[in-house]
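Results of the structural survey
This is what each chain is made of:
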Amino acid sequence: MSHQFDTLSVHAGYVPDATGAVMPPIYMSSTYAQRAPGEHSGYEYARSGNPTRGAFEKALAELEGGAAGFAFASGLAAMSTVLELLDAGSEIVALDDLYGGAWRLFERVRNRSAGLKTRYVAPDDLPALCEAVTPATRLVWLELPTNPLLKVADLAAVVEVAHSVGALVVVDATFATPYLLRPLEYGVDIVLHSVTKYLNGHSDVIGGAAIVRTPELAERLGYLQNSVGGVLDPFSSFMAIRGLRTLALRMQRHSSNAQSVAEWLAVQGSVEHVAYPGLPSHPQHELAKRQFPRGYGGIVSVWLKADDAGVRRFIAALKVFTLAESLGGVESLLNLPWAMTHASIPEADRVRRGITPNLLRLSVGVEHIDDLIADLRAGFAAI
């Protein structure tokens, strides 16, 4: 990239037009005039292309260092369209700590409708990955860090294993954002984001994105985006561009606050365990230091020494952390994966993976760290 990331996040994707507007206009037109049949200015129908969405997609590609970016109506719309790259009956290897909606899409939708077969391996078990990936594997799917256990896979090693059999590698980097990690630089084929989270950053947009490494994938995914049709609307594209302009600033604060929260939680007597890649106690801490040199993100997972009633008293006592789905906004959110984001995963699988009723996932916002710690202290007092 020609500029530092902080500068690029402010300017990527758009050059002021003839009016001098420093923000891309919101083009709400659904169709565009043509000079003659088939002769147009580059835009013909808004599903196929929209200038506001195009500015956002270009910014995404620049921030990730990709050949092209594609914006969708939700993160799951992006995931669903990427899966359309696969033929019916294809085999997928996925890391087994993943967003509950991704598991639901694999197991309860595409297994039935397209015969996709998914095998799951632990993010930190490279030998198991090598065994699971076969010449029949068409795609390897992972999150960095994982959701909600915050495990860190060795990205270079995963790419080497997958590409050795000709499989695509897809990384959901929603938690990391391109500020902390640019997976395409490791040879990853497609990067996914829930734009809803950190890229937009203000809990007021639903969106998704996919950024591809090669022109060949850009052509294929562009065709599918237009054919399947789950595109991001112009107003949400405008809002997401606004969000990108403060991405570097926000991720710095999210990461520093989360590091402080994790360190404080780790020494509390009512805490069973804390998962955060920035802690030396994290099993992949050294790997995380190499892959995330700018920081470790804004998500902290904590297991309380409390029964169900104690966990609920802890949650009810919080005033700064809001109990809600989602993450990545400027405000701090609290989630109980067992009953919320990962409830669709069978109970036995949740327990096996460590998603237990006493696990809380904290999306640490940009508030003052003293207020965040005071709020958590009040929660512990209620247990």
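Everything numeric here is computed off the predicted structure, so don't read it as measured data.

Notes on a nonpolar patch on the surface
On the surface, a cluster of nonpolar side chains totalling about 300 Å² of accessible area is made up of I26, M28 and F235. Along the chain, I26 turns up in the loop between α1 (5–11) and α2 (51–64). On the basis of relative accessible area, I26 is assigned to the partly exposed category, the value being 33%.

Concerning the layout of surface pockets
In this structure, the largest pocket encloses a volume near 410 Å³. As for the largest pocket, its lining consists of 24 residues, of which Y99, N147, S194, K197 and S326 are closest to the centre. Take the lining of the largest pocket: its biggest share by element is three residues, from helix α3 (residues 75–83). Partitioning the lining of the largest pocket into residue classes produces eight nonpolar, 10 polar and six charged.

Section: the side chain of R361
With respect to the helices and strands, the residue R361 is situated in strand β12 (residues 359–363). For R361, which is buried and forms no salt bridge, the nearest opposite charge comes from E325, at a distance of 6.0 Å. Here N147 takes part through its side chain, which lies 3.0 Å from a polar atom of the side chain of R361.

Points about empty space enclosed by the protein
Rolled over the atoms, a probe as big as a water molecule pinpoints where empty space is left. Inspection of the entire model under this criterion finds one cavity of 30 Å³ or more. By volume, the largest cavity is sized at about 30 Å³. Lining the largest cavity, in full, are P145, L150, F175, Y296, G297, G298 and I299. Residues belonging to the lining of the largest cavity are distributed by class as follows: five nonpolar, two polar and no charged.

Quick look at the packing of aromatic side chains
In the structure shown here, the tally under the stated rule is six aromatic pairs. Centre to centre, the rings of F5 and Y179 are 5.5 Å apart; their planes meet at 65 degrees, and the pair counts as edge-to-face. Residue F5 is found in helix α1, and its partner Y179 is found in helix α7 (residues 177–180); the two are separated by 174 residues along the sequence. Residue F5 shares its accessibility class with Y179, and that shared class is buried. Taken together, a centroid distance of 5.0 Å and an interplanar angle of 65 degrees make the contact between F314 and F380 edge-to-face. Here F314, found in helix α12 (residues 308–317), pairs with F380, found in helix α14 (residues 369–382); they are 66 residues apart in sequence, far enough to count as distant. These aromatic residues form a ring-pair network of at least three members: W264, F314 and F380. The ring of W338 has R350 sitting right over it, with the charged end atom 4.3 Å from the ring centre.

Here we look at the pairing of β12
Burial of β12 is extensive: five of the five residues sit out of reach of the surface. Of the pairings in the sheet, the one linking strand β9 (residues 299–304) to β12 comprises five bridges and is antiparallel in character. Of the residues in β12, the one forming a bridge with I299 is S363. The pairing of strand β11 (residues 333–335) with β12 spans three bridges and is classified as antiparallel. Bridging from a neighbouring strand, N335 pairs with R361 of β12.

What about the sheet that holds strand β4 (residues 137–143)?
Spatial ordering of the open sheet is given by β1-β7-β6-β5-β4-β2-β3, a layout of seven strands whose pairing is mixed. Strand pairing shows two members of the sheet lacking a second neighbour, β1 (68–72) and β3 (117–121), which therefore form its edges. Averaged over all pairs of adjacent strands, the angle between strand axes in this sheet comes to 20 degrees, irrespective of strand direction. With five bridges joining them, β4 and strand β5 (residues 168–172) adopt parallel strand pairing. Across the sheet, the residue bridging to L142 is V171, located in β5. Sheet strands in contact with α2 are β1, β6 (190–194) and β7 (208–212), and its direction is about 130 degrees off that of β1. The sheet strands contacting helix α4 (residues 100–114) are β2 (91–95), β3 and β4, and the helix crosses β3 at an angle near 140 degrees.

Quick word on the nonpolar core
Counting 82 residues, the largest nonpolar core has L142, L265 and L362 as its most contacted members. Counting residues per element, this core draws most heavily on helix α10 (residues 247–265), at eight residues. Leave out the neighbours within four places in its chain, and L265 touches V271, V274, V300, V302, L362, L376 and F380. In this structure, F70, L83, L86 and W103 belong to the second largest nonpolar core, which totals 31 residues.

What to know about the packing of α3 against α4
Closest axis-to-axis distance for the α3/α4 pair is 11 Å, and the angle between their directions is 45 degrees. What the angle tells us is that α3 and α4 run oblique. Between α3 and α4 lies a crossing whose hand is right-handed. Where α3 abuts α4, its residues L76, M79, S80 and L83 lie against G101, A102, R104, L105, F106 and R110. Residue composition of the contact of α3 with α4, by class: six nonpolar, two polar and two charged.

The rules behind each value
Residues numbered from 1 in each chain as written. Predicted model: local features only at pLDDT ≥ 70, side-chain atom pairs only at ≥ 80, totals over all residues. Heavy atoms only, no water. Patch = residues over 30% accessible without salt bridge, like charges linked within 9 Å, V, L, I, M, F, W, Y side chains within 5 Å. Areas by Shrake-Rupley, 256 points an atom, 1.4 Å probe, with all protein chains shown as cover. Salt bridge = Lys/Arg side-chain N within 4 Å of Asp/Glu carboxyl O. Helix = DSSP H or I, 4+ residues; strand = E, 2+ residues; numbered from the N terminus. Buried < 20%, exposed > 50% of the residue type's maximum accessible area, 1.4 Å probe, protein only. 1 Å grid on protein atoms, 1.4 Å probe; cavity = no way out; pocket = protein on both sides within 12 Å on 5 of 7 lines; lining within 4 Å. Points joined across faces, edges and corners; volume = space filled by probe spheres on them. Nonpolar A, V, L, I, M, F, W, Y, C, P; charged D, E, K, R; others polar. Lys, Arg positive; Asp, Glu negative; His and termini not counted. Polar contact = N/O pair within 3.5 Å; in protein donor to acceptor, adjacent residues only side chain to side chain. Phe/Tyr/Trp six-rings, centres within 6.5 Å; stacked < 30°, edge-to-face > 60°. Lys NZ or Arg CZ within 6 Å of the ring centre and 35° of its normal. Pairing = 2+ DSSP bridges. Axes fitted to C-alpha atoms, helices over the stretch in contact; angles between N-to-C directions. Contact = heavy atoms within 4.5 Å. Core = buried A, V, L, I, M, F, W, Y, C linked by side-chain atoms within 4.5 Å. Parallel < 35°, antiparallel > 145°, perpendicular 65-115°, else oblique. Left-handed = near helix turned anticlockwise from the far one by under 90°.

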